[in-house]
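# Close look at the chain arrangement
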Amino acid sequence: MAKSFLIDTTLCTGCRGCQVACKQWHNLPADPTVNMGSYQNPQDLSFTTYKLVRMQEHVTEDGLKWLFFPEQCRHCIDAPCEATAGEPTAVFTNPRTGAVLYTAITKDLPAEEIIESCPYNIPRMAPDGTLAKCDMCQDRVDNGMLPACVKTCPTGAMSFGEREEIVEMANSHLMMARKKFKNANLIDVDTIRVIYLVGFKPELYHGFAMASNAEIGITRHMALQRMFRPFKRAGAQLMRG
Amino acid sequence: MEKNFLNAKLINPVAPIYDTEKDTYATCDPRYPYVGTTYRVTEHWQTGVMTRYQPYLLEMQPQMFVEMSEQLAKLKQIQNGERVRVTSARGAVEATAIVTKRFQPFNVGGGIVHQVGLPWHFGWIKPTSGTEDSANLLTPSTGDPNTRIPETKAFMVNVVKLA
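Here is a short report on the structure shown in this document. Being a predicted model, the structure only gives us computed values, none of them experimental.

Looking only at helices and strands, one finds 2 helices and 8 strands in chain B. Each helix and strand of chain B, placed in order from N terminus to C terminus, yields the pattern β-α-β-α-β-β-β-β-β-β. Since a compact globule built from 163 residues should have a radius of gyration of about 15 Å, the 16 Å found for chain B is in line with a globular shape. Along the first, second and third principal axes, the C-alpha set of chain B runs to 50 × 40 × 25 Å. Among the 163 residues that make up chain B, the fraction classed as buried is 43%. Put simply, of all contacts in chain B between residues at least 6 apart along the chain, 73% involve residues at least 24 apart. Carbon and sulfur atoms make up 57% of the accessible area of chain B, which amounts to about 9100 Å² in all. Chain B carries 17 positive and 15 negative side-chain charges, and their two centres are separated by 3 Å.

Below, the structure written as structure tokens:
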């Protein structure tokens, strides 16, 4: 069954410990930033930012809310980016954990196409075309540790474990959250490994919080990619000699 | 006329008042029409002398800011994210405007009173731009009569767009 996360945004205080812990563990540099009229910074994910707490202020049915959305790769159970890449040495799923992983070989693949295929707009490209995103802290998880973001969360908003347990936990958190937020819901729980619990409509948090209807399931483009994959791979192998 | 709606006295009669040139105070002065207050953010500690040197913390809170209501921003024609100057009877700082619904004008004695809020985490050396300073330049040098805990939570300021 592999692993999953639960991110209960109703418990998130926007402290951004996860954002820093992620950079620290992956030894990523700080992006140069300026204040753009919001506490959120950096403004977007990047090749060197895998985790970002997005912040939005909305007047809801419960009054003014400051909504925090600790964004990261959802590690799709059937990842469109992996299907689009069609190259297991570049993008593959680790069967033990379910983590969708990118390698340096992504540099040789059409980056825009892979980014476009992500329903959550997650992968980011380096100037040389290499793609990067959250790696579920594979090295930590393989050694029995929690992902850095989960480990550092001080409010219990983030949990990580066996998928079955996390889905159960998500449902019990949802029951609790519904007492306070009548529109509370889980986002795309059946298709991804990073399950968000939101108190309000997903689009209030972030445009890509939830996969749009058009992007659920395998698109025609991806189906074609999949069909031609064996030929492409054989061709690539011939080229390499 | 200046009137304290909470007490017959205008100020605490035993509050320490120092008589230096920096100890000028203004209450209902038209040059400083808005209430200022100060606070901290999670990312920085006190004046930021340790936290501003941490790239990850400076990445998240890179610049001095001043938060204000949408109503005040409209009044002063300030756009969200624009640089502004905040002045008090004692000093001035530059800051980036954060226009937010979290700030709402007060109704005091039948009139509208606007409030702005600033952190005091910024200062010299980091960030290297040299433009970020501390709200401590605005706040009065007084404190509570018993312990002298600084009174940095209520003072009068003006906010203008940087030309």
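Residue-level contacts link 22 residues of chain B with 25 residues of chain A. Contact between chain B and chain A buries roughly 1800 Å² in total, counting both sides, with carbon and sulfur atoms accounting for 56%. In terms of surface lost to chain A, no three residues of chain B exceed Tyr-56, Glu-59 and Met-60 of chain B, which account for 40% of the buried area on that side. A salt bridge links Arg-102 of chain B to Glu-57 of chain A; the nearest nitrogen and oxygen atoms lie 3.0 Å apart. Remark: the boundary between chain B and chain A carries 12 residue pairs in polar contact (both at pLDDT 80 or more). Where the side of chain B that touches chain A is concerned, the elements lending two or more residues are α1 (55–60), β2 (65–68) and β4 (92–99) of chain B. The dominant element in the side of chain B that touches chain A, judged by the number of residues it contributes, is α1 of chain B, at 5 residues. Residue composition of the side of chain B that touches chain A, by class: 10 nonpolar, 7 polar and 5 charged.

Moving on: the sheet that holds strand β10 (residues 194–198) of chain A. All names here are of chain A. Spatially, β8-β1-β10-β9 is the arrangement adopted by the 4 strands of the open sheet, whose pairing is mixed. In this open sheet, the two strands that pair with only one neighbour each are β8 (158–162) and β9 (185–187). For this sheet, the mean angle separating the axes of adjacent strands, direction not counted, is 25 degrees. Bridging between strand β1 (residues 3–8) and β10 involves 4 bridges; their strand directions are parallel. Directly across from Leu-6, in β10, lies its bridge partner Ile-195.

What counts, and at which threshold
- Residues numbered from 1 in each chain as written.
- Chains lettered and ligands numbered in written order.
- Predicted model: local features only at pLDDT ≥ 70, side-chain atom pairs only at ≥ 80, totals over all residues.
- Heavy atoms only, no water.
- Helix = DSSP H or I, 4+ residues; strand = E, 2+ residues; numbered from the N terminus.
- Rg over C-alpha atoms; globule rule 2.2 N^0.38 Å.
- Buried < 20%, exposed > 50% of the residue type's maximum accessible area, 1.4 Å probe, protein only.
- Contact = heavy atoms within 4.5 Å.
- Areas by Shrake-Rupley, 256 points an atom, 1.4 Å probe, with all protein chains shown as cover.
- Lys, Arg positive; Asp, Glu negative; His and termini not counted.
- Charge placed at Lys NZ, Arg CZ, Asp CG, Glu CD.
- Buried area = accessible area lost by both parts, 1.4 Å probe.
- Salt bridge = Lys/Arg side-chain N within 4 Å of Asp/Glu carboxyl O.
- Polar contact = N/O pair within 3.5 Å; in protein donor to acceptor, adjacent residues only side chain to side chain.
- Nonpolar A, V, L, I, M, F, W, Y, C, P; charged D, E, K, R; others polar.
- Pairing = 2+ DSSP bridges.
- Axes fitted to C-alpha atoms, helices over the stretch in contact; angles between N-to-C directions.

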